[in-house]
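For reference, the chains in residue letters:
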Amino acid sequence: MNALNRVRHQWTTLGERDPLWAILSETGKKCGGWDRAAFFKTGVDEIDEVLRKVRDVSPIEFGSAVDLDVESAA
């Protein structure tokens, strides 16, 4: 099995077992420990923090952040 296939296999296995934890492997959240609302709020909070930092250095105005699901887009 080549390196790309190993990575694909690993991510597929993690995604089938515990997809939220595979994406955000926080202590205490393994084995279905993530509440979906809390999980998705982490993304909102991270984008808010990134945009706050960018606004601190630049007068550029931002409106939205987009997360593209490449699998769905294909």
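Below is a short write-up of the structure. Remember, it's a predicted structure, so these values are computed and weren't measured experimentally.

## Looking at the overall build of the protein chain
(1) Moving on: The number of helices and strands found in the protein chain is four helices and zero strands.
(2) Moving on: Each helix (α) and strand (β) of the protein chain, taken in turn from the N terminus, gives the series α-α-α-α.
(3) Moving on: The proportion of buried residues among the 74 residues of the protein chain is 12%.
(4) Moving on: Carbon and sulfur atoms make up 57% of the accessible area of the protein chain, which amounts to about 6500 Å² in all.

## A short note on the pattern of salt bridges
(1) Moving on: Counted under the stated rule, the structure contains four salt bridges.
(2) Moving on: Where Arg52 meets Glu49, a salt bridge forms, and the shortest distance between an N and an O atom there is 2.7 Å. Of this pair, Arg52 and Glu49 both sit in helix α3 (residues 36-57), three residues apart, roughly one helical turn.
(3) Moving on: Its relative accessible area of 40% is what places Arg52 among the partly exposed residues.
(4) Moving on: Of the charged contacts, one joins Arg52 and Asp56 as a salt bridge, the two residues approaching to 2.9 Å between their closest N and O atoms. Of this pair, Arg52 and Asp56 both sit in helix α3, four residues apart, which is roughly one turn of the helix.
(5) Moving on: Asp56 gets classed as exposed once you look at its relative accessible area, which sits at 58%.
(6) Moving on: One salt-bridge network, held together by shared partners, links Glu49, Arg52, Lys53 and Asp56.

## Here we look at helix α1 (residues 3-17)
(1) Moving on: Across its 15 residues, α1 extends 21 Å between first and last C-alpha, which sits within 8% of the 21 Å expected from 1.5 Å per residue.
(2) Moving on: Here α1 starts with a cap whose side-chain oxygen sits 3.1 Å from the backbone nitrogen of Leu4, and that cap is Asn2.

## Observations regarding the packing of aromatic side chains
(1) Moving on: The full count for this structure, using the stated rule, is two aromatic pairs.
(2) Moving on: Their ring planes at 75° and their centres at 5.5 Å tell us that Trp34 and Phe39 sit as a pair that is edge-to-face.
(3) Moving on: A relative accessible area of 10% means that Trp34 is categorised as buried.
(4) Moving on: Consider the rings of Phe39 and Phe40, whose centres lie 5.1 Å apart with planes at 85°: the pair is edge-to-face.
(5) Moving on: The class of Phe40 is partly exposed, set by a relative accessible area of 45%.
(6) Moving on: By way of ring pairs, the aromatic residues Trp34, Phe39 and Phe40 are connected into one cluster.
(7) Moving on: The ring centre of Trp34 lies 4.9 Å from the NZ or CZ of Lys29, which sits over that ring.

Basis of the calculations
- The numbering scheme is per chain: residues are counted from 1 as the chain's sequence reads.
- Residue-level local features of this predicted model are given only where pLDDT is at least 70; pairs of side-chain atoms are given and counted only at 80 or more, and the full residue set underlies all totals for whole chains, interfaces and linings.
- Excluded from the side-chain calculations are hydrogens and water; all other atoms, namely the structure's heavy atoms, are used.
- Secondary structure elements are taken from DSSP: a helix is a run of H or I of four residues or more, a strand is a run of E of two residues or more, and numbering for both begins at the N terminus.
- A simple rule labels every residue: compare its accessible area, found with a 1.4 Å probe on the protein chains alone, to the largest value its type can have, and call it buried under 20%, exposed over 50%, or partly exposed in between.
- Only the protein chains shown count as cover for residues, and the accessible areas themselves come from Shrake-Rupley with a 1.4 Å probe.
- When a carboxyl oxygen of Asp or Glu lies within 4 Å of a side-chain nitrogen of Lys or Arg, that pair is called a salt bridge.
- Each helix should span, by expectation, one fewer than its residue count multiplied by 1.5 Å.
- Under this definition, polar contacts are N or O atom pairs within 3.5 Å; protein pairs additionally need one hydrogen-donor-capable and one acceptor-capable atom, and for neighbouring residues in sequence, both atoms have to be side-chain atoms.
- Pairing of aromatic side chains requires ring centres within 6.5 Å, counting the rings of Phe and Tyr and the six-membered ring of Trp. Pairs whose planes differ by under 30 degrees are stacked, by over 60 edge-to-face, and all others tilted.
- Look at NZ for Lys and CZ for Arg. If either is within 6 Å of the ring centre and within 35 degrees of the ring normal, a charge sits over the ring.

Remember, this is a structural readout, not a statement about activity or role.
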